[in-house]
Amino acid sequence: MSVNQKKENLHKLLFAQQRAVREGKDANQTLNSPYRNQCHYSLQASIMDNPEENAIELHGDEEIIEVIDLNDSEPGPDDLADHLGDVDFEDLGNPEDDNEGWETEDEMEAEAAQDDSELTFSKHTGSVFCVSLDPATNSLAVTGGEDDKAYVWRVSDGEVLLECTGHKDSVTCAMFSHDSSLVASGDMSGLIKVWKVETKEEIWSFEVGDLEWLEWHPCAPVLLAGTNDGNVWMWKIPAGDCKTFESPACQATSGKVLPDGKRAVVGYEDGTVRVWDLKHGNAVHVIKGQDGHQGALTCLACNKDGSLVLTGSVDGCAKLINTTTGKVVGVFTVEGGKAKGSKDEEESNSVESVGFCNILPLIAVAYLDGTLAIFDLSTQVLRHRCQHEAGIVHLQWEESSSVVSTCSLDGALRLWDARSGSLLSEYRGHTAEILDFTFNREASLAVTASGDNQAKVFCLQRPDR
């Protein structure tokens, strides 16, 4: 860096600190927070070339806080030698140690170029919001995106088998039916379409209010949807026979059909949780008030037999509910309570995803601040905190192991051993946040959806396989 550049940086530093002091801010905090408070400095005082006219030109409400006397001449080698005379070079250590914890440009470029994927699907022209694998063979994926389209494609070679068009807004929900014969796609405006995979034709469509979630019945061609106005809809496909489950006018933010196929659990914006009887259309349990959440529900999951449901909310809590009695039997939180970057003292660390382990009494709770919390279900004790570099978007347990996977806003897919809390592996390749992911039954293959307009297929290698 030249001497002139150093002078310019010095002036910028001084003016930034002076401005912070005048505004009653911590000058060091202002300079050290480039992501939360990006400061754009402009040097509004210039030093004239003529030494006799060495004046500072002020603009607006600028004022002189401190005057620093700079020598007219640049320091020469002798001056520098005098300053360095008392330095013990043997105590300086290895200069490379100063870079510890920092990435070099080469390292950053290498990380950006790293792509661990086996295949990249790049047909979408906008962010890819959702991805699902067909349950019958796990050989087909469906993705929905910001380009108002959904694609059904082969994970082995990326070949498009079906392009789902005609939507009015971003496709945020896309999934296969229980037997993989049908695909449902839903956009933000509430237009829902169902396609027959074999014939590649649209067989049914319906329009509701703004769509919040979409879910197939686990063992029948029945489709459920939750909307912004609080209604839950259920249709028999393709006949279109319809039933609605009405509730107070607040968003039905998340929903899940229980494994018995007879009940559905729905979470709402006001923190209420309802267990619905799908046949009779009535709410068998309503969890609200102090038993409910103190903020909108963001996610929910059920255990293998559907006897327990785990809910997550923006209030920073996860709650365990017995679906038979409707009673809250557990509350899970982590210390801290505030999301990273939060300016509002009352803003909590939102729960973004939850899930049950199938083989051990463990649950996982993923938070906006990047914390993955592993709790013991029987004692309700926090066993491990697995920290991410950025907020977690989604988690998923492997079907027959204690491995839980996460995707996050830093664009990485990570696999964690819930028994030890250790990171098993990390996969990169996306240049933007991962918004959704899923993997096959064997957990040997993962498919991700990202804000970089791409979906990727990763082969998951682990030493224990």
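Residues numbered from 1 in each chain as written. Predicted model: local features only at pLDDT ≥ 70, side-chain atom pairs only at ≥ 80, totals over all residues. Heavy atoms only, no water.

A. Local environment of the overall build of the protein chain. The number of helices and strands found in the protein chain is four helices and 32 strands. A burial count over the protein chain gives 47% of its 465 residues as buried. Of the roughly 24,100 Å² that the protein chain leaves accessible, carbon and sulfur atoms contribute 47%. (Helix = DSSP H or I, 4+ residues; strand = E, 2+ residues; numbered from the N terminus. Buried < 20%, exposed > 50% of the residue type's maximum accessible area, 1.4 Å probe, protein only. Areas by Shrake-Rupley, 256 points an atom, 1.4 Å probe, with all protein chains shown as cover.)

B. How the structure looks around unusual backbone geometry. Of note, the amide linkage connecting Ile237 to Pro238 takes the cis form, showing an omega dihedral of 5 degrees. Among the structural elements, Pro238 can be located in the loop between strand 12 (232–236) and strand 13 (242–245). The phi dihedral of Gln380 is positive, around 60 degrees, even though this residue is not glycine. Take Gln380: it is sitting in the loop between strand 24 (371–376) and strand 25 (382–387). Here the phi dihedral of Asn453 falls at roughly 75 degrees; this positive angle occurs in a residue that is not glycine. Along the chain, the position of Asn453 falls in the loop between strand 31 (445–450) and strand 32 (455–459).

C. Spotlight on the side chain of His293. Relative to the assigned elements, His293 resides in the loop between strand 17 (283–287) and strand 18 (297–302). With residues near it in sequence (within four places) discarded, His293 still touches Asp270, Gly271, Thr311, Gly312, Ser313, Asp315, Cys317, Ala318 and Lys319. (Contact = heavy atoms within 4.5 Å.)

D. Up close: the pairing of strand 17. Direction of pairing for strand 16 (residues 273–277) relative to strand 17: antiparallel, over a ladder of four bridges. Within strand 17, the residue paired with Val275 across the bridge is His285. A loop of five residues connects strand 16 with strand 17, the two strands running antiparallel in sequence, and Gly281 in this loop sits at a positive phi of about 80 degrees. (Pairing = 2+ DSSP bridges.)

E. Structural context of the UniProt feature "repeat: WD" (unreviewed entry) in the protein chain. When the UniProt feature table is mapped onto this chain numbering, "repeat: WD" (unreviewed entry) sits at residues 121–163, 164–205, 259–286, 290–331, 385–426 and 427–465. Within residues 259–286, the helical portion is 0% and the strand portion 54%, while the C-alpha atoms at the span's ends are 19 Å from each other. (UniProt positions renumbered as here; feature names shortened; annotations may be inferred.)

F. Structural view of the nonpolar core. Membership of the largest hydrophobic core comes to 17 residues, with the highest contact counts inside it found for Leu310, Phe332, Val354, Ile363 and Val365. For this core, the secondary-structure elements that each account for two or more residues are strand 18, strand 19 (308–313), strand 20 (318–322), strand 22 (351–356), strand 23 (362–367) and strand 24. Residues Cys173, Ala184, Trp216 and Ile237 belong to the second largest nonpolar core, which totals 16 residues. (Core = buried A, V, L, I, M, F, W, Y, C linked by side-chain atoms within 4.5 Å.)

G. Structural view of the sheet that holds strand 5 (residues 160–164). Spatially, 2-3-4-5 is the arrangement adopted by the four strands of the open sheet, whose pairing is antiparallel. Only two strands of the sheet have a single neighbouring strand rather than two, namely strand 2 (128–133) and strand 5. Across this sheet, the average inter-strand angle for adjacent strands is 15 degrees, counted without regard to direction. Inspection of the sheet shows strand 2 paired to strand 3 (residues 140–145) by five bridges, in the antiparallel sense. Counterpart to Val128 in the pairing with strand 3 is Gly145. (Axes fitted to C-alpha atoms, helices over the stretch in contact; angles between N-to-C directions.)

H. Structural context of the pattern of salt bridges. Taken as a whole and judged by the stated rule, the model has 15 salt bridges. Here Arg383 makes a salt bridge to Asp376, at a shortest N to O gap of 4.0 Å. Assessed through its relative accessible area of 39%, Arg383 is described here as partly exposed. The class of Asp376 is buried, set by a relative accessible area of 14%. Connected through shared salt-bridge partners, Glu389, Asp410, Arg414, Glu426 and Arg428 make up one network. (Salt bridge = Lys/Arg side-chain N within 4 Å of Asp/Glu carboxyl O.)

I. Representation of the sheet that holds strand 27 (residues 403–408). Strand order in the open sheet made by the four strands is 26-27-28-29, with antiparallel pairing throughout. One side of each edge strand has no neighbouring strand; the edge strands of this open sheet are strand 26 (392–397) and strand 29 (422–427). The average undirected angle you get between the axes of adjacent strands in this sheet is 25 degrees. As defined by bridge partners, strand 26 adjoins strand 27 across five bridges and the pair is classed as antiparallel. The residue bridging Leu395 from the neighbouring strand is Thr406, located in strand 27.

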